[in-house]
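Architecture and fold: a report
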Amino acid sequence: MRATQVAALELELSLARRPDVYLVLNTTARQLEVKVRGVAVDRIPLKGVEKLLHVPLLSPSSPPPFPLPAVWRVVDGPGDSDREYVAPAELRPYKAEGYDDPPAAATPTRPAGPPPTATPIPEPPASYRAQLDCGWDLWITETLPPQGFLARTRAAVRDGWERLRGRGTHPRPAITLAMDREDAKRLHHLMRSNMPVLVLADP
């Protein structure tokens, strides 16, 4: 067994000791697993995996490589705003067991008003980014962005013009995972702060 495999097993063992959900990213198999206690409860096939680096035209340097395997944690997740709402279908007055309510006084009936409108639950997005503690972002999307020479040149020229206008930005590098739309939406609620992501090394 290789040293990287042993290191990956040790990292996963430390995650599996807790009853919390964690993710395992296998770039070689193009698969993202959702695990609890070392057991895979969901497997999401990936259509592609790509490193997305933003390199300015006049700055050819790139972020240093990170050692793998490693455990990254989400520090600012898009799923932080997700909440679960459970509302009763009907509201009834509270009645303690063993006690009878006194007879209620007759009250005049009022015409029934329009029924309340249920608040729609927002649909999760199919493309979003989660900041990681390693200095990179995890970008979930349906298709990989173009990474050819022409695409990089256009992005560098556009960045140069934005900097001349004083509107330049410094986007973080990202690990881009392309997956089916429904899988991306289903994964959104797991992208919360402190969610661990075990990234396996290439064989």
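Here is a short report on the structure shown in this document. (Residues numbered from 1 in each chain as written. Predicted model: local features only at pLDDT ≥ 70, side-chain atom pairs only at ≥ 80, totals over all residues. Heavy atoms only, no water.)

What follows concerns the overall build of the chain. The number of helices and strands found in the chain is three helices and nine strands. Per-residue burial over the chain gives 28% buried out of 203 residues. For the chain, the accessible surface area stands at approximately 14,400 Å², while carbon and sulfur atoms represent 57% of it. (Helix = DSSP H or I, 4+ residues; strand = E, 2+ residues; numbered from the N terminus. Buried < 20%, exposed > 50% of the residue type's maximum accessible area, 1.4 Å probe, protein only. Areas by Shrake-Rupley, 256 points an atom, 1.4 Å probe, with all protein chains shown as cover.)

Next up on the list: the sheet that holds strand β6 (residues 128–132). Spatial ordering of the open sheet is given by β3-β2-β1-β9-β5-β6-β7-β8-β4, a layout of nine strands whose pairing is mixed. Edge strands, defined here as strands with exactly one partner in the open sheet, are β3 (39–45) and β4 (48–52). Averaged over all pairs of adjacent strands, the angle between strand axes in this sheet comes to 30°, irrespective of strand direction. Note that strand β7 (residues 137–141) and strand β8 (residues 174–178) share five bridges and pair parallel. Paired with Thr141 across the bridge in β8 is Ala178. Sheet strands in contact with helix α1 (residues 3–16) are β1 (21–26), β2 (31–36), β5 (70–76) and β9 (196–199), and its direction is about 160° off that of β9. (Pairing = 2+ DSSP bridges. Axes fitted to C-alpha atoms, helices over the stretch in contact; angles between N-to-C directions. Contact = heavy atoms within 4.5 Å.)

Moving on to the packing of aromatic side chains. Scanning the model with the defined rule gives zero aromatic pairs in all. Stacked on the ring of Trp139, the Lys or Arg Arg129 has its end atom at 5.2 Å from the ring centre. (Phe/Tyr/Trp six-rings, centres within 6.5 Å; stacked < 30°, edge-to-face > 60°. Lys NZ or Arg CZ within 6 Å of the ring centre and 35° of its normal.)

What follows deals with the nonpolar core. Membership of the largest hydrophobic core comes to 26 residues, with the highest contact counts inside it found for Leu23, Ile140, Leu177, Leu187 and Met191. Sorting the residues of this core by element identifies β1, β2, β5, β6, β7, β8, α3 (181–187) and β9 as the ones contributing at least two each. With near-sequence residues (within four places) excluded, Leu187 lies in contact with Leu23, Leu32, Val34, Ile44, Tyr128, Ile140 and Met179. (Core = buried A, V, L, I, M, F, W, Y, C linked by side-chain atoms within 4.5 Å.)

Its place among the elements puts Lys51 in strand β4. For Lys51 and Asp137, which are 86 residues apart along the polypeptide, the C-alpha to C-alpha distance reads 9.9 Å.

Within the secondary structure, Asp183 sits in helix α3. Excluding residues that lie within four positions of it along the chain, Asp183 makes contacts with Ile44 and Pro45.

The next point concerns the pattern of salt bridges. Taken as a whole and judged by the stated rule, the model has 12 salt bridges. The salt bridge involving Arg186 is made with Asp183; its shortest N-O contact spans 2.6 Å. One end of the pair is Arg186 and the other is Asp183, both in helix α3 and three residues apart, which spans about a single turn. You can call Arg186 partly exposed: its relative accessible area is 37%. Put simply, Glu12, Glu33, Lys35 and Arg43 are held in one network by salt bridges that share partners. (Salt bridge = Lys/Arg side-chain N within 4 Å of Asp/Glu carboxyl O.)

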